[in-house]
Amino acid sequence: MSLKKNRKTVVLGTGGTIAGVRADSSNPDFYESGRLRVTDLANFSEEEHHHIECLDVAQIDSKNMGLPVWQALVKAVVNAFSREDVGSVVITHGTDTLEETAYLLQSLGPWPGPVVMTCAMRPADHPHADGPANLRDALSWGMKAPSDGVYVVFNQQAHHALSVQKISTDPLRAFSSGFAPLAAEKIDGEWVWQSGPPAVTRFDMPTTTHFLGATQWPRVEWLTHHAGCGSEVIDVLLGSQGNSVNPLRGLVIAGTGAGSFNGKWNASLKAASDQGLVIWISSRCAWGISQPQANQSAGELVELPPAKACMAMALSLMAQDAK
Ligand code: ASP
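Residues numbered from 1 in each chain as written. Predicted model: local features only at pLDDT ≥ 70, side-chain atom pairs only at ≥ 80, totals over all residues. Heavy atoms only, no water.

### A look at the site of the ligand
Part 1: Every residue close to the ligand is listed here: G16, T17, S33, D61, S62, G94, T95, D96 and A120.
Part 2: A distance of 2.5 Å separates an oxygen atom of the ligand from a polar side-chain atom of T95.
Part 3: Contacts to the ligand include A120, whose backbone N or O atom sits 3.2 Å from an oxygen atom.
Part 4: Protein chains shield 93% of the accessible area of the ligand, which is 270 Å² for the free molecule.
Part 5: Residue composition of the shell around the ligand, grouped by class: one nonpolar, six polar and two charged. (Near = heavy atom within 4 Å. Polar contact = N/O pair within 3.5 Å; in protein donor to acceptor, adjacent residues only side chain to side chain. Areas by Shrake-Rupley, 256 points an atom, 1.4 Å probe, with all protein chains shown as cover. Nonpolar A, V, L, I, M, F, W, Y, C, P; charged D, E, K, R; others polar.)

Here it is as structure tokens:
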């Protein structure tokens, strides 16, 4: 690993499979996420230890990510970059919701240096654990990457936070940027730069200070339309608003194809909109872009896949609440 610029990398751990340990030694795929501390995720040399500082922000399975851990993580990133001697931040994270946290960090940026997230599909004590190599790649990409970007390093590729999605449970092909270019790829052991960050649709975003002071996550739900579905699920959600301590603020609809849904959904979503909910229409196709549809009037089209759309909507609601 080349350790240049004499600036440190702060490595923040949040848990995930990369920090997972097998729960049953006879079955390498049955494990518990987030058991190890971040300092134990690679066999760092003494020289490397001079250049990195490890901090455990959380030790969770990323399905349990939510406002408290996101706030602790953002605070740790702010603290790291407030130091003159820190050049980059690396974050270890579970693969399952990594794209949401990547989108969050990108939205709260730009940061003074690169933020590189990484992960693993196999637990740390698996005979073919991928975490140590991914972590080393994340550290080396963090030392070369253009500042102010947020990246996801996995299996020798550096993805832009805005493009990457978890698309598979196959250990080597878990992440893809679809039709969007990678930030960089490791070829013959060297990072080869490929592209700068994609253009962003700018939503209203909270400031970091406001994000860190928030006490409640604006509740947003994601519903997927499919052949033969009824709209009762939407009606039930609307009917339960009065009993909820954190009422629903918006819906992200993963429509069929380019964001279509049937007439029953159109009527229920219009009712939801009349009740003040924000309705965004995305596509259930991994790389789908929603487009205007004949005989469909509910909701607003959004050029984001559903997981990122949920994050963008919650953040934009938080920004509105701050006004
Ligand atoms: N369930 C794990 C997590 O997201 C999966 C992983 O890291 O691969 O925390």
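There is more to say after this.
### A closer look at the environment of A184
Part 1: Looking at the secondary structure, you find A184 in strand 11 (residues 184-187).
Part 2: Residues A184 and D274, spaced 90 residues apart in sequence, show a C-alpha to C-alpha distance of 45 Å.
Part 3: When residues no more than four places from it in sequence are discounted, the contact partners of A184 are W141, Q157, A158, W191, V192, W193 and Q194. (Helix = DSSP H or I, 4+ residues; strand = E, 2+ residues; numbered from the N terminus. Contact = heavy atoms within 4.5 Å.)

### Re the packing of aromatic side chains
Part 1: Per the stated rule, a full pass over the model turns up six aromatic pairs.
Part 2: Residues W70 and W217 carry aromatic rings whose centres are separated by 4.9 Å and whose planes lie at 45 degrees to one another, so their mutual orientation is tilted. Of the two residues, W70 sits in helix 2 (residues 67-81) while W217 sits in the loop between helix 5 (208-213) and strand 13 (219-224), which places them 147 residues apart along the sequence.
Part 3: Of the residues examined, W70 reaches a relative accessible area of 7% and is grouped as buried.
Part 4: Ring geometry for W141 against W191: centres 5.4 Å apart, planes inclined by 55 degrees, an arrangement best described as tilted. Highlighted residues: W141 in helix 4 (residues 131-144) and W191 in strand 12 (residues 190-193), separated in sequence by 50 residues.
Part 5: The class for W191 is buried, based on a relative accessible area of 8%. (Phe/Tyr/Trp six-rings, centres within 6.5 Å; stacked < 30°, edge-to-face > 60°. Buried < 20%, exposed > 50% of the residue type's maximum accessible area, 1.4 Å probe, protein only.)

### Considering the sheet that holds strand 16 (residues 300-301)
Part 1: Reading across the sheet, the four strands line up as 13-14-15-16 and stay open at both edges, with parallel pairing between neighbours. What marks the edges here is a single partner per strand, and that holds for strand 13 and strand 16.
Part 2: Bridge count for strand 15 (residues 278-283) against strand 16 is two bridges, and the pairing is parallel. By the bridge assignment for strand 16, W280 is matched with E300.
Part 3: Sheet strands touched by helix 6 (residues 232-239): strand 13 and strand 14 (248-255). Its angle to strand 13, the strand with the most contacts, is close to 165 degrees. (Pairing = 2+ DSSP bridges. Axes fitted to C-alpha atoms, helices over the stretch in contact; angles between N-to-C directions.)

### Details of the packing of helix 3 (residues 98-108) against helix 8 (residues 306-321)
Part 1: Axis separation between helix 3 and helix 8 bottoms out at 9 Å; the angle between their running directions is 40 degrees. As judged from the angle between their axes, helix 3 and helix 8 are oblique. The handedness of the crossing between helix 3 and helix 8 comes out as right-handed. Residues E99, E100, Y103, L104 and S107 of helix 3 form the contact with helix 8, whose participating residues are A307, K308, M311, A312 and L315. (Parallel < 35°, antiparallel > 145°, perpendicular 65-115°, else oblique. Left-handed = near helix turned anticlockwise from the far one by under 90°.)

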